[in-house]
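# Close look at the chain arrangement
Listed here are the chains, written in short residue letters.
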Amino acid sequence: MSGQYAWKLGERPPVLGEHSLAKHEIFEHYVKIYIDRVTRTPSQTMLNLTIVDGFCGGGLYRSGSREVDGSPLRLLKAVEAVDEALGAARAKGFDLRVDFFFIDEKRHHIDFLDDVLRKRGYGSRIGRDVFIRRATFQEALPEVVAHIRKKGTAQRSLFFLDQYGWSDVALWIMREIMSSIEKPEILLTFAVDALIDFLSEKTNETQALLNVELDREDVRALTGLRDDDGWRYLIQNGLYRHIRDRAGARFYTPFFIRSVEAHRSYWLLHLSKHRQARDEMGKLHWRLNNHFQHHGVRVSMLLASIRRRICDKACSHSCSTTMHGGAQRRRFWSSCRP
């Protein structure tokens, strides 16, 4: 998550927020779980994998008086730990071939990360299996996809898209990933409360809203829910359905993250084409439930009560379909309003 933080060579790294620490823990744990899941066949001796950190930042933070690793270093170390365990467990050894893409659009962040990686001993790998790119994620995506497709037919890949807000990763980009790669998985940060606040202030179409495919009519329908009891949760429910239906993935696991510092809520959405991937992500939630709430399952008593009232009333409403501009559009919020 580079938008909230700033890095510059010669200056101290930024202070890491608790909500960012929780996400980094999820990233690290999921890499280990993922590799364990796809290497369970005893006769298997090799795995090709590409890991993409689309908003990598400078790779180092402060927490109190100590420095702590950011997502690039934690992802590298997670793979190293699994590689060592696989090598020890397999009589014939194991060839774990993992490439990394670290992407950030800010020059100062990339320079800082490059310096950190070289100081940690990764200098010889830069340009070989560790690729650092100064670009937006959208700009870097064609190269990343081409690289993954060249590695083989399985095209196993993990995309960690820790955007700061809610509009840097357009929904068409997620559809592109899902449609052009055989076995991708995406973990996307989505600042849902920031979007709700934005909707409360603006009703006209902007590029940010177009990135999440919300037009003026959509915004009016969502903001109209503010008159209802539990309106913020109603809007969250509608937005989740919207993203779920348009991201192009078959399976989803939504985590609910509360930022104590910012007094706002974030989503961490796991998207995949395979049920097993969704099931493994759900198991991980229970291991780290002191940091995360599973959206719609582990919520506060107030929100759980609101959701029960919403569901009791909404189950009698089916999603209506209208014709707009010659295209069929699903009104997801019709099943979210009591």
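As shown above, the structure is provided for reference.
Residues numbered from 1 in each chain as written. Predicted model: local features only at pLDDT ≥ 70, side-chain atom pairs only at ≥ 80, totals over all residues. Heavy atoms only, no water.

### Describing helix α9 (residues 231-246)
With 16 residues, α9 ought to run about 22 Å at 1.5 Å a step, and its terminal C-alpha atoms sit 23 Å apart, in line with that. Those residues of α9 lying buried are Tyr 233, Leu 234, Ile 235, Gln 236, Asn 237, Gly 238, Leu 239, Tyr 240, His 242 and Ile 243. Two residues or fewer past α9, Gly 248 is found with a positive phi of approximately 85°. (Helix = DSSP H or I, 4+ residues; strand = E, 2+ residues; numbered from the N terminus. Expected span 1.5 Å × (residues − 1). Buried < 20%, exposed > 50% of the residue type's maximum accessible area, 1.4 Å probe, protein only.)

### Considerations on the packing of helix α4 (residues 137-150) against helix α5 (residues 171-180)
In contact at an axis separation of 11 Å, α4 and α5 are set at 5° when each is read in the N-to-C sense. In terms of orientation, α4 and α5 fall into the roughly parallel class. Residues Phe 137, Gln 138, Leu 141, Val 145 and Arg 149 of α4 pack against Trp 172, Ile 173, Glu 176, Ile 177 and Ser 180 of α5. Per-class residue counts for the contact of α4 with α5 are six nonpolar, two polar and two charged. (Axes fitted to C-alpha atoms, helices over the stretch in contact; angles between N-to-C directions. Parallel < 35°, antiparallel > 145°, perpendicular 65-115°, else oblique. Contact = heavy atoms within 4.5 Å. Nonpolar A, V, L, I, M, F, W, Y, C, P; charged D, E, K, R; others polar.)

### Points about the nonpolar core
With 100 residues, the main nonpolar core has Ile 35, Ile 51, Phe 137, Phe 159 and Leu 271 as its most contacted residues. Among the elements that line this core, the one with the most residues is helix α1 (residues 18-38), at eight residues. Apart from residues no more than four positions distant in its own chain, Leu 271 is found in contact with Met 174, Met 178, Pro 184, Glu 185, Ile 186, Leu 188, Ala 247, Ala 249, Phe 251 and Tyr 252. (Core = buried A, V, L, I, M, F, W, Y, C linked by side-chain atoms within 4.5 Å.)

### Re the pattern of salt bridges
In the structure shown here, the tally under the stated rule is 18 salt bridges. Ionic pairing is found between Glu 185 and Arg 37, a salt bridge with its closest N-O pair at 2.9 Å. Separated by 148 residues along the polypeptide, Glu 185 in strand β7 (residues 183-190) and Arg 37 in helix α1 bring together distant segments of the chain. As a salt-bridge pair, Asp 245 and Arg 244 come within 3.2 Å of each other at their nearest N and O atoms. Since its relative accessible area comes to 42%, Asp 245 is described here as partly exposed. Classification of Arg 244 by relative accessible area gives partly exposed; the value is 29%. (Salt bridge = Lys/Arg side-chain N within 4 Å of Asp/Glu carboxyl O.)

### A few points about the packing of aromatic side chains
Per the stated rule, a full pass over the model turns up 12 aromatic pairs. Aromatic side chains Tyr 30 and Tyr 34 sit 6.4 Å apart centroid to centroid with 50° between the ring planes, which places their arrangement in the tilted category. Of the two residues, Tyr 30 and Tyr 34 are both situated in helix α1; the distance of four residues between them amounts to about one turn of the helix. For the pair formed by Tyr 30 and Tyr 34, the shared burial category is buried. (Phe/Tyr/Trp six-rings, centres within 6.5 Å; stacked < 30°, edge-to-face > 60°.)

### Here's the deal with the side chain of Asp 104
Along the polypeptide, Asp 104 turns up in strand β4 (residues 95-104). Although Asp 104 is buried, it makes no salt bridge; Lys 106 carries the closest opposite charge, 6.5 Å away. In terms of polar contacts, Asp 104 uses its side chain to reach the backbone amide nitrogen of Lys 106, at 2.9 Å. Side-chain polar atoms of Asp 104 contact the side chain of His 109, separated by 3.3 Å. (Lys, Arg positive; Asp, Glu negative; His and termini not counted. Polar contact = N/O pair within 3.5 Å; in protein donor to acceptor, adjacent residues only side chain to side chain.)

### Things to note about the pairing of strand β6 (residues 156-161)
The element β6 is largely enclosed, with a buried count of five among its six residues. Here strand β1 (residues 46-53) pairs with β6 via four bridges, running parallel. Pairing of Val 52 across the sheet is with Phe 159, part of β6. Relative to β7, β6 runs parallel, the two being bridged by six bridges. Along β7, the bridge assignment pairs Leu 158 with Glu 185. (Pairing = 2+ DSSP bridges.)

### With respect to unusual backbone geometry
With a phi angle near 55°, Gln 155 is a residue other than glycine that sits in the positive phi range. Summarising the element assignment, Gln 155 is placed in the loop between α4 and β6. Given the relative accessible area of 14%, Gln 155 is considered buried. Phi is positive for Glu 213, close to 60°, though the residue is something other than glycine. As for its placement among the helices and strands, Glu 213 is situated in the loop between α7 (207-211) and α8 (216-223).

Purely geometric numbers; function is a separate question.
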